[in-house]
Amino acid sequence: MFETIDSAPADAILGLTEAFKQDPNPKKINLGVGVYKDGGGQTPVLATVKEAEQRLLRSEETKSYLPIDGLAEYGKLSQQIVFGHEHTILRDARAATVQTPGGTGALRVAADFVRRIFPGATVWLSDPTWPNHPNVFGSAALQVQSYPYFEAETNGVAFDRMMAALETIPAGDVLLLHGCCHNPTGADLSSQQWQAVAALCAERGVLPLLDFAYQGFGDGLDEDASGVRIVADHCREFLVATSYSKNFGLYNERVGALTLVADSVEAADAANSHMKICVRTNYSNPPAHGGQIVAEVLGDPELRQRWEVELAEMRDRINDMRHLFVETLDEQGAGRDFSFIARQRGMFSYSGLTPHQVQALRVRHSVYIVGSGRINVAGMTEANMDYLCEAIADVLK
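A. Summary view of the pairing of strand β3 (residues 122-127). Judged by how many residues are buried, β3 sits mostly within the fold: 5 of 6 residues are covered. Here β3 pairs with strand β4 (residues 143-148) via 6 bridges, running parallel. When the bridges of β4 are listed, Asp127 appears paired with Pro148. The β-α-β motif built from β3, the intervening helix α6 (residues 132-139) and the parallel element β4 has right-handed crossover chirality. Alignment of β3 against strand β7 (residues 174-178), held across 2 bridges, turns out to be parallel.

Structure below.
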């Protein structure tokens, strides 16, 4: 049976990493995969994560299964970090959270839930969006459409065209929004734009699904949650897919959460029973270790305060690299205005480089970025900045 199978195409981003590993050039730079790097080019384990792990090791008494929806304390703390401790959604118990294997797992549970409850719904994705979004929802047998999001001429949000498209979305469809630090463009909605989008969803009966993978990597934990909270002010029903890969550096632990908000506690409980069926028929129950780390850190005021300092250091380094990148490109005579990169937020930016220029960067300079021109700013360091900008200036000639 297997002899008739043709090879599937390699994942565009992960395949890039494999090519990078095989490159012998000692100056090679990987700005493709979305992983944070420190000033030394390493993906660190946070000190607060290490301490939480040591505590767990000392207190651990069992390796038994978690419940289908995961650790109860993890779910409660995940809701608090998204909405704030005193939000009316929490007071009214209108939210239900399932612990998932990463943010991608949260999106897949959301996709299965939508397919189960609203099988005719279409999921609307921004153009551009994270390349795996259409795959996740398509694999759940959902229809996928796109709406305009990015304006190449201004390197910002194409808001007028976006709103015109959203006004055509039928009631009952799902609108996926990036909660902050839009991947791949780094261009986020303003507060006023969030207000308009949230009001439109409420008016038209569209279900928002917020992919919230980078909380704390833009301007701060509460600042980055402002869009989600604006949606919460307008919409009685929505979904939030959370990831702790970036802000805790827990990439290989696969730690995420899907939070469903309903109009009442009864509706939330009923919907949660279906989310748990989606989990049970997929991966049965979530892995424990990463969720226990997050719960330990967020549940201890002193440890949480130290984690927030570490998170701020990562955020500040990313924003510093944005400014240094713009300045160095100018010094290297790139001949193009890249100042928009300093204004954007999160790990990613659209560089404006063409596929031909991306290929030239790889072949001539061993600089690896995604074919769309998306650059992982978090992969830049002071040590590789001059070489990187020289390479970009070269391919722009």
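B. Structural context of the sheet that holds strand β10 (residues 255-261). If you walk across this open sheet you meet the 7 strands as β2-β10-β9-β8-β7-β3-β4, and the pairing is mixed. Every other strand in the sheet has two partners, leaving β2 (95-101) and β4 as the edge strands with one partner each. Direction aside, neighbouring strands of the sheet carry axes that sit 25° apart on average. As defined by bridge partners, β2 adjoins β10 across 7 bridges and the pair is classed as antiparallel. Within the sheet, the bridge partner assigned to Thr97 lies in β10 and is Thr259. Sitting on the sheet, helix α3 (residues 72-83) is in contact with β2, β8 (207-212), β9 (238-243) and β10, with an inclination near 75° to β10. Here α6 sits on the sheet and contacts β3, β4, β7 and β8; the angle it forms with β3, its principal contact strand, is near 175°.

C. Expanded view of the state of the cysteines. This model, assessed by the stated rule, comprises 0 disulfides. Cys180 forms no disulfide, and the closest cysteine sulfur to it belongs to Cys181, at a distance of 3.8 Å. In this structure Cys180 comes out as buried when scored by relative accessible area, which is 5%.

D. Just the nonpolar core, in detail. By size, the foremost hydrophobic cluster in this structure holds 100 residues, and its most contacted members are Phe83, Met162, Leu175, Val197, Phe238 and Phe325. Ranked by residues supplied to this core, first place goes to helix α13 (residues 301-331) with 9 residues. Beyond its immediate sequence surroundings of up to four residues, Phe238 is in contact with Phe83, Ile89, Leu207, Pro208, Leu210, Val231, Ala232, Thr259, Leu260 and Val261. Residues Phe113, Phe137, Leu209 and Cys278 belong to the second largest nonpolar core, which totals 32 residues.

Conventions adopted
Residues numbered from 1 in each chain as written. Predicted model: local features only at pLDDT ≥ 70, side-chain atom pairs only at ≥ 80, totals over all residues. Heavy atoms only, no water. Buried < 20%, exposed > 50% of the residue type's maximum accessible area, 1.4 Å probe, protein only. Helix = DSSP H or I, 4+ residues; strand = E, 2+ residues; numbered from the N terminus. Pairing = 2+ DSSP bridges. Right-handed = clockwise from strand over helix to strand, strands pointing away. Axes fitted to C-alpha atoms, helices over the stretch in contact; angles between N-to-C directions. Contact = heavy atoms within 4.5 Å. Disulfide = S-S within 2.5 Å. Core = buried A, V, L, I, M, F, W, Y, C linked by side-chain atoms within 4.5 Å.

Any functional reading would require information beyond the geometric quantities listed.
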